[in-house]
Amino acid sequence: MSRSLVRVVKSFLIHLLLIGGAFLMCFPFFWMLLTSFKSPAEVLEVDTWMPQPKYYLQTEAMEEVQVRILRHVMQNTVEVELLRKREPLRQVLLSDLATKTWLFSNYPKAWNKVQPSFGRYFFNSFLIALLTTLGQVLTSILAAYAFVYFEFPYKNALFTLFLATMMVPQEILLIPNYLVLANLGWIDTYAAMIVPWLAGVFGIFMLRQFFQQLPREFYDAAVIDGCSRLGFLFRILVPLSLPPIVTITIFTFLGSWNSLLWPLIVTNSEHMRTIQVGLSYFAQSEGTEWELLMAASSFCILPLVIAYFAAQRFFVEGDTASGLKG
Amino acid sequence: MALRVRLIVTLFVAIFFVGCQKLPQNEYDERGRLKITFWHAMGGELGQVLKSMISDYNKSQDKVFVHPEFMGRYDILEQKIIASVMAGKTPDLAQMYESVTLFLTRDKGEESLLDLTPLTKEWDGFEDLYDVFKKNSIYDGKVYSIPFNKSFPVIYFNQDVLDLLGETQSPGTWSELGRVAKECYEKVVVDKTTSQMRLRTPEDNENNSNRVYGFAFPIDPWVYQIAYLQLGGKSISEDESEVYYNSQEALDAMDFWIRAIVEGWGYRSEGYNFQNDFGARKVAFIITSVVSRRFMEPKLNFPFTVAPVPLEEKRKVSVMSGTNVCIFNGLTPERTKAAWDFLRWFSEPERTAEWSERTFYVPIRKQALATDRMQNFVKNVKGADAAIVQLPYGDMEPRSSAWYRCRIILREHMERIIAAAEKEPDIHKARAIAKKLLSEANLKMNKVLKKYSDQ
């Protein structure tokens, strides 16, 4: 077998593997999209992947109601049951029934189902995630910088203490944190959802490890050239540390965007709620409105998907922007 | 660079300070009505019904405005109630389970909730509550809560299966249910070509038809306890110091689930998946809360029946579930009066009938059954009375935090019993394992109860 043929086969197999992986990763999203166009009954039909035609009847009250055809009475007449309506069976002409396959109406229905609106929830989630991320990245950079480049008493003990806080589950801290915020009068404010998350041990740890790998000579050279400490940090260290900073940014933003428990604990009014609280409205302990939940999930992840594709080039550049070469 | 950093920092600080400001909250609304706050965890369709009824109340008078605040889930609501009590910043009313009420009155040793006894003495509605709800609202001789969203488990049947098997009525006992479920598993299939249910033929195989299971269930102490009590079992001693799950009744009650697994006609499901499986016609019978009907009904593409939970002859009993509403202590007399006025309004026969009709929760007042709304509901909606008929013989689970811990232990051991049955084809051996595990659970539960009673 020639070398070029081996290369082609190898490339083919690698691509096959990658396509398979990509399909597996994308499958839940396809399923979410397909489900968002189905009717409640269709959602549970395990053998049906694509939305199927459904029949609708306009009632005397000019309301469009889904019907189930029970049997053909005559050639053009069928006996139907009105779904979700406690009414007797009806005999109608087949021509009076409207057929729909893709229920685009699930989207406006889901959008309008929550109060005050998903628009408000988007704004809240975005504002909180943005400020939390900015704050956490900034505090992580400053703290990691101090831990690596400065000497102060009990430095290592303090860092170990920081790390130890990662082992405390959030649930245990809920009530004490609530009490602190209640005493500050911050319940039901943006501050309650942002301030407790302005510093994160994960970010500090990650940046500290990265800073330690950078040659100390960068710092010494900068200081000799008259660069201030903050100047070194923001002109040299931060540009060199883009990969971990991008990682922290993504993790913090996603963590904040997906947060459910904390916003529910520290807010009371509906206009302070976030996207995830809006989604929880469709899933209750007694049952879930799958088609609406999937429609709402689809438009909720849309900004993240757009943001990801818009910033994809930056992420890749971030990976290669390190000054450590050879 | 420096300018950019400064701009970002300025923007950050500006937005932060705007965010810190709390919107001014008035005690009265624009029409001069006293605003009171009600924390609840009713989302989705049920939440919409609650909102609409509260809106009706707000329109019905000009003194009080009830502001409902949705807290997402029961467990979050519970944490938030406890935190708000500790911070001294409670709402006026809140929906809560009995264990929370008990924690805030007995275990906590503080007067966090309002003693409603003097108010209920002047209200004829309290005596009209079903006995189980009265008993459920009284803690150490005092009334601390009013029943709110109460339900019973019911059986959901696929009517096509009953018709195919020639069953004219739904099974009324556990043994009958087991028999029909087994028969369904052996005889009924869903044709893959027509998607219709039909009786199995000798030609059927996995390629042309799907088997229909008789019964599917989650690991749930709620329904198990009903079977246990019906066989004459006792959950807990009067002083809550001892449980009796090492008894023959406890083992006999478990037999239904063991048989379902070992004989193959039943299977366990995670969470609420069994409800989805019922809708997908993978299983013919399930037992779950009557309220699930609100969510399942639009998804069911076949005729179905709802019937009361099965009974055994020894003791006619079923166990209710759901929460109550409490008023917090320390409110001004005006706020207390407003909160009580709303609770009374919500508990009027007409209102509790409306709540029941729109959500499937059971009405809490006996007089509600005589209302036109309830009469029409029961007459027009097939199986609407499946939970209502359980009201006269309804009972409740123990309410203490100690029992809550015991319930977790019981659930864990039920899970182990079912897991063992899944691996063990010999029913005698599966029963022996169940006996051992129930004794183990009983021992652990008694230890927990002792620990709590020593505190």
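Being a predicted model, the structure only gives us computed values, none of them experimental. (Residues numbered from 1 in each chain as written. Chains lettered and ligands numbered in written order. Predicted model: local features only at pLDDT ≥ 70, side-chain atom pairs only at ≥ 80, totals over all residues. Heavy atoms only, no water.)

## What to know about the sheet that holds strand E2 (residues 64–72) of chain A
Whenever strands of a sheet pair, they do so through backbone hydrogen bonds, lying parallel or antiparallel. Residue and element names in this part refer to chain A. Reading across the sheet, the five strands line up as E4-E3-E2-E1-E5 and stay open at both edges, with antiparallel pairing between neighbours. Of all the strands in the sheet, just strand E4 (90–93) and strand E5 (97–100) have a single pairing partner and so form its edges. Strand-to-strand twist across the sheet, computed as the mean angle between neighbouring axes with direction ignored, equals 50°. Here four bridges tie strand E1 (residues 54–58) to E2, and the two strands are oriented antiparallel to one another. Bridge assignment links Gln-58 to a residue of E2, and that residue is Glu-64. (Pairing = 2+ DSSP bridges. Helix = DSSP H or I, 4+ residues; strand = E, 2+ residues; numbered from the N terminus. Axes fitted to C-alpha atoms, helices over the stretch in contact; angles between N-to-C directions.)

## Regarding the domain arrangement of chain B
Residues and elements named next belong to chain B. Split by domain assignment, chain B resolves into domain 1 (34–144 + 322–388) and domain 2 (153–320 + 397–454). Distance from the C-alpha centre of domain 1 to the C-alpha centre of domain 2: 31 Å. Listed as interface residues are 26 residues of domain 1 and, on the opposing side, 18 residues of domain 2. Across the domain 1/domain 2 interface, buried area totals approximately 1800 Å², and carbon plus sulfur atoms make up 61% of it. Among the residues of domain 1 in contact with domain 2, Phe-360, Lys-382 and Ala-386 are the three that bury the most area, contributing 32% of the side total. On the surface where domain 1 and domain 2 come into contact, there are zero salt bridges. At the level of secondary structure, the elements contributing two or more residues to the side of domain 1 that touches domain 2 comprise helix H2 (44–60), helix H4 (98–107), helix H7 (131–137), strand E4 (138–139) and helix H15 (349–359). (Domains from an automatic or database assignment. Contact = heavy atoms within 4.5 Å. Buried area = accessible area lost by both parts, 1.4 Å probe. Salt bridge = Lys/Arg side-chain N within 4 Å of Asp/Glu carboxyl O.)

## Remarks on a nonpolar patch on the surface
On the surface, a cluster of nonpolar side chains totalling about 470 Å² of accessible area is made up of A:Leu5, A:Val9, A:Phe12, A:Leu13 and A:Leu16. As for its placement among the helices and strands, A:Val9 is situated in helix H1 (residues 3–35). (Patch = residues over 30% accessible without salt bridge, like charges linked within 9 Å, V, L, I, M, F, W, Y side chains within 5 Å. Areas by Shrake-Rupley, 256 points an atom, 1.4 Å probe, with all protein chains shown as cover.)

## Observations concerning the packing of helix H8 (residues 201–213) of chain A against helix H11 (residues 242–257) of chain A
Residues and elements named next belong to chain A. Where H8 contacts H11, the axes come no closer than 10 Å and their chain directions differ by 170°. With respect to H11, the axis of H8 lies roughly antiparallel. Here H8 contributes Phe-202, Gly-203, Met-206, Leu-207 and Phe-210 to the contact with H11, which in turn contributes Pro-244, Ile-245, Thr-247, Ile-248 and Phe-251. Considering only residue class, the contact of H8 with H11 consists of eight nonpolar, two polar and no charged. (Parallel < 35°, antiparallel > 145°, perpendicular 65-115°, else oblique. Nonpolar A, V, L, I, M, F, W, Y, C, P; charged D, E, K, R; others polar.)

## Here we look at the sheet that holds strand E3 (residues 93–96) of chain B
Residue and element names in this part refer to chain B. Spatially, five strands are ordered E2-E1-E3-E16-E6 in an open sheet, and the strand pairing comes out mixed. The open sheet has two edge strands, strand E2 (64–70) and strand E6 (146–151), and neither has a second partner. Taken pair by pair, the neighbouring strands of this sheet meet at an average axis angle of 20°, ignoring direction.

## Side note on the interface of chain A and chain B
Contacts between the two partners involve 52 residues from chain A and, on the opposite side, 57 residues from chain B. Of the roughly 4700 Å² buried between chain A and chain B, counting both surfaces, carbon and sulfur atoms make up 61%. The tally of links from chain A across to chain B stands at two salt bridges. Among the ionic pairs, A:Glu270 bridges to B:Lys51, the shortest N-O distance being 2.9 Å. Mapped onto the side of chain A that touches chain B, the elements with two or more residues apiece are helix H2 (40–43), helix H4 (118–149), helix H6 (170–184), helix H7 (190–194), helix H12 (261–266) and strand E7 (287–288) of chain A. At seven residues, H6(A) tops the list of elements feeding residues into the side of chain A that touches chain B.

## Points about the pattern of salt bridges
Between side chains of opposite charge, a pair can form as their charged atoms come close. Residue and element names in this part refer to chain B. Tallying each qualifying case throughout the model produces 37 salt bridges over all chains. The partner of Lys-134 in a salt bridge is Asp-131, and the shortest N-O contact between them spans 3.8 Å. In this pair, Lys-134 and Asp-131 are both assigned in helix H7, three residues apart and thus about one turn of the helix distant. Using a relative accessible area of 15% as the deciding quantity, one classes Lys-134 as buried. Take Asp-131: its relative accessible area is 52%, and that puts it in the exposed class. Across the pair Glu-415 and Arg-268 runs a salt bridge, and its minimum N-O distance is 3.6 Å. With Glu-415 in helix H17 (residues 401–423) and Arg-268 in strand E12 (residues 266–268), this pair connects stretches of sequence that are 147 residues apart. On the basis of relative accessibility, which here comes to 28%, the residue Glu-415 falls in the partly exposed class. In this structure, a network of salt bridges that share partners links the residues Glu-167, Glu-176, Arg-179, Glu-183 and Lys-187. (Buried < 20%, exposed > 50% of the residue type's maximum accessible area, 1.4 Å probe, protein only.)

## Some details on the pairing of strand E16 (residues 321–327) of chain B
Consecutive residues of a regular strand have side chains that alternate between opposite faces of the sheet. All names here are of chain B. Counting buried positions along E16 yields six of seven residues, so the element is predominantly enclosed. Judged from the four bridges that link them, E3 and E16 form a sheet pairing that is antiparallel. Each bridged residue has a counterpart across the sheet, and for Ala-94 the counterpart in E16 is Cys-326. Sheet analysis places E6 next to E16, joined by five bridges and oriented antiparallel. Bridge pairing links Ser-151 to Ser-321 in E16.

## A look at the confidence of the model for chain A
Mean pLDDT over chain A: 88, with 94% of residues reaching 70 or higher. The low-confidence segment residues 321–326 of chain A, where pLDDT is below 50, has six contacts with residues more than four positions distant or belonging to other chains. (pLDDT = per-residue confidence, 0-100.)

## Some points on the state of the cysteines
One pass over the full model with this rule turns up zero disulfides over all chains. A:Cys26 forms no disulfide, and the closest cysteine sulfur to it belongs to A:Cys300, at a distance of 19 Å. (Disulfide = S-S within 2.5 Å.)

## Overview of the packing of helix H10 (residues 229–240) of chain A against H11(A)
All names here are of chain A. Where H10 meets H11, the closest approach of the two axes is 5 Å, and the angle between their N-to-C directions is 75°. Regarding the angle of H10 to H11, the classification is roughly perpendicular. Contacts between H10 and H11 pair Val-238, Pro-239 and Leu-240 from the former with Leu-242, Pro-243 and Ile-245 from the latter. Looking at the contact of H10 with H11, its residues break down into six nonpolar, no polar and no charged.

## Digging into the side chain of B:Glu397
All names here are of chain B. Considering the arrangement of structural elements, one finds Glu-397 in the loop between strand E17 (394–395) and H17. Separated by 3.1 Å, the side chains of Glu-397 and Gln-225 make a polar contact. Setting aside its immediate chain neighbours within four residues, Glu-397 contacts Trp-222, Gln-225, Val-319, Trp-403 and Arg-407. (Polar contact = N/O pair within 3.5 Å; in protein donor to acceptor, adjacent residues only side chain to side chain.)

## A look at the packing of aromatic side chains
Residues and elements named next belong to chain A. Here the structure, examined in full by the defined rule, presents 64 aromatic pairs over all chains. Where Phe-23 meets Phe-27, the ring centres are 6.0 Å apart and the plane angle is 50°; that geometry is what we call tilted. In this pair, Phe-23 and Phe-27 both sit in helix H1, four residues apart, roughly one turn of the helix. With relative accessibility at 47%, the residue Phe-23 sits in the partly exposed group. The class of Phe-27 is partly exposed, set by a relative accessible area of 29%. Measuring from centroid to centroid gives 6.4 Å for Phe-159 and Phe-205, while their planes differ by 20°, and the two rings are stacked. (Phe/Tyr/Trp six-rings, centres within 6.5 Å; stacked < 30°, edge-to-face > 60°.)

## Details of the domain arrangement of chain A
Domain boundaries in chain A define domain 1 (53–100) and domain 2 (110–320). Look at where the C-alpha atoms of domain 1 of chain A and domain 2 of chain A centre, and you get two points 52 Å apart.

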